[in-house]
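Remarks on the overall topology
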Amino acid sequence: MTSSDKTLSRLGLAMRAGKLVSGDETVLKSIRAGEAKLVVIARDASDNTRKKVADKCASYGVELLAGYSRYDLGGAVGKPERVLFAVTDQGFANLVREGFVQHTEVENIE
């Protein structure tokens, strides 16, 4: 299993555990409420969505990770395409973050 597969699996596990929220308004609400420990956005999200979420994360000190396509993210949680997730549990946030670090390092090697 590759690191990207593990990361997507971890997102699916967080969803099944009820520790993942998706959708613009729900994610923004969780950031404002201090519930979001980590936010994941699809690399093909619109510029407007990316800016709105990045600004909100910066204001509230929530880490924002960008990667994977909307189809990869949706497939990870068993739903149609998804652009935005907030992980609401610190343990799951750490697991997802680890996978993103590995995923990013592998992708940037040329």
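Only a predicted model underlies this, so the values are computations on that prediction, with no experimental measurement involved.

**Remarks on the pairing of strand 4 (residues 84-87)**
Two faces make up the sheet, and in a regular strand the side chains alternate between them. Covered by surrounding structure in strand 4 are Leu84 and Ala86 together with Phe85 and Val87, the residues of both alternating faces. Pairing analysis gives 3 bridges linking strand 1 (residues 20-22) to strand 4, with the strands arranged antiparallel. Directly across from Leu20, in strand 4, lies its bridge partner Val87. Where strand 2 (residues 38-41) and strand 4 come together, 4 bridges link them in antiparallel fashion. Bridging from a neighbouring strand, Ile41 pairs with Leu84 of strand 4.

**Some words on unusual backbone geometry**
Trans peptide bonds make up most of the peptide bonds, and negative phi angles are found at most residues other than glycine. Positive phi, normally seen in glycine, also occurs at Tyr68, with a value near 65 degrees. Along the chain, the position of Tyr68 falls in the loop between strand 3 (63-66) and helix 4 (70-76). Accessibility expressed as a relative area gives 3% for Tyr68, which makes it buried.

**Observations concerning the pattern of salt bridges**
Enumeration over the complete set of coordinates arrives at 5 salt bridges. Measuring nitrogen to oxygen at the nearest pair gives 3.4 Å for the salt bridge that ties Arg50 to Asp47. Linking Arg50 with Asp47, this pair stays in helix 3 (residues 47-60), spanning 3 residues, or about one helical turn. Taking the relative accessible area as the measure of exposure, Arg50 reaches 32% and is therefore partly exposed. The exposed category is assigned to Asp47, whose relative accessible area is 59%. Note that Arg97 and Glu63 form a salt bridge whose closest N and O atoms lie 2.5 Å from each other. Here Arg97 is found in helix 5 (residues 90-108), whereas its partner Glu63 is found in strand 3, with 34 residues between them in sequence. Under the relative-accessibility criterion, Glu63 is labelled partly exposed at 33%. Taken together, the shared-partner salt bridges in this structure form one network comprising Asp44, Arg70 and Glu81.

**Observations concerning the nonpolar core**
Among the nonpolar cores identified, the biggest contains 19 residues, and Leu11, Leu20, Leu38, Val40 and Leu73 are the most heavily contacted of them. Elements supplying a minimum of two residues to this core: helix 1 (3-16), strand 2, helix 4, strand 4 and helix 5. The contacts of Val40, once residues within four sequence positions are left out, are Leu11, Leu65, Leu73, Val83, Leu84, Phe85, Val96 and Phe100. Within the second largest apolar cluster, 12 residues are counted, among which are Leu28, Val39, Ile41 and Ala86.

Cut-off values and rules
- Residues numbered from 1 in each chain as written.
- Predicted model: local features only at pLDDT ≥ 70, side-chain atom pairs only at ≥ 80, totals over all residues.
- Heavy atoms only, no water.
- Buried < 20%, exposed > 50% of the residue type's maximum accessible area, 1.4 Å probe, protein only.
- Helix = DSSP H or I, 4+ residues; strand = E, 2+ residues; numbered from the N terminus.
- Pairing = 2+ DSSP bridges.
- Salt bridge = Lys/Arg side-chain N within 4 Å of Asp/Glu carboxyl O.
- Core = buried A, V, L, I, M, F, W, Y, C linked by side-chain atoms within 4.5 Å.
- Contact = heavy atoms within 4.5 Å.

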